[in-house]
Amino acid sequence: GRELEEGDKLIVIAEDDDTYWPQEGIEVEVGLPPPMNLKDAKKEKALVCGWRRDIRDVFLLLDSVMKEGSEVHMMSHWVPVDERES
């Protein structure tokens, strides 16, 4: 992670001005994901909103966990080809 530095700004979108406040970070223990059983999986339709520089990795992951015949649709702002392929 990255710590905020003097001059940085943090924008929080919250229900109102008393539903969020800064706190010290906490340690989170990450376990193993549950086993995947694609045999019983159903075809899915997923919508990906936005663009990430590692979107190719996201699609590879989705391809490995979604049943064959599933669909992934993407909605994003226009990104120049040279940025998409870098």
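Above this text you will find the structure in question.
Below: a short report on this structure. (Residues numbered from 1 in each chain as written. Predicted model: local features only at pLDDT ≥ 70, side-chain atom pairs only at ≥ 80, totals over all residues. Heavy atoms only, no water.)

**A look at the layout of surface pockets**
Remark: the empty space left among the atoms is shown by a probe the size of a water molecule rolled over them.
Part 1: In this model, the largest pocket occupies a volume close to 170 Å³.
Part 2: If you trace the largest pocket, you find it lined by Leu4, Leu10, Tyr20, Trp21, Pro22 and Gln23.
Part 3: Residues that form the lining of the largest pocket fall into these classes: five nonpolar, one polar and no charged. (1 Å grid on protein atoms, 1.4 Å probe; cavity = no way out; pocket = protein on both sides within 12 Å on 5 of 7 lines; lining within 4 Å. Points joined across faces, edges and corners; volume = space filled by probe spheres on them. Nonpolar A, V, L, I, M, F, W, Y, C, P; charged D, E, K, R; others polar.)

**Re the environment of Glu44**
Part 1: Its place among the elements puts Glu44 in the segment before strand E1 (45-49).
Part 2: Placed 16 residues apart in sequence, Glu44 and Val28 show a C-alpha to C-alpha distance of 30 Å.
Part 3: Look past the residues within four positions of Glu44 in its chain and what remains in contact with it is Met66, Ser70 and Glu71. (Helix = DSSP H or I, 4+ residues; strand = E, 2+ residues; numbered from the N terminus. Contact = heavy atoms within 4.5 Å.)

**Quick notes on the pairing of E1**
Part 1: Note: E1 against strand E2 (residues 71-75), five bridges, orientation parallel. Residue pairing for E2: Val48 is matched across the bridge by Met74.
Part 2: Handedness of the crossover is the feature at issue here: the chain leaves E1, passes through helix H1 (residues 55-65), returns alongside E2, and the resulting connection is right-handed. (Pairing = 2+ DSSP bridges. Right-handed = clockwise from strand over helix to strand, strands pointing away.)

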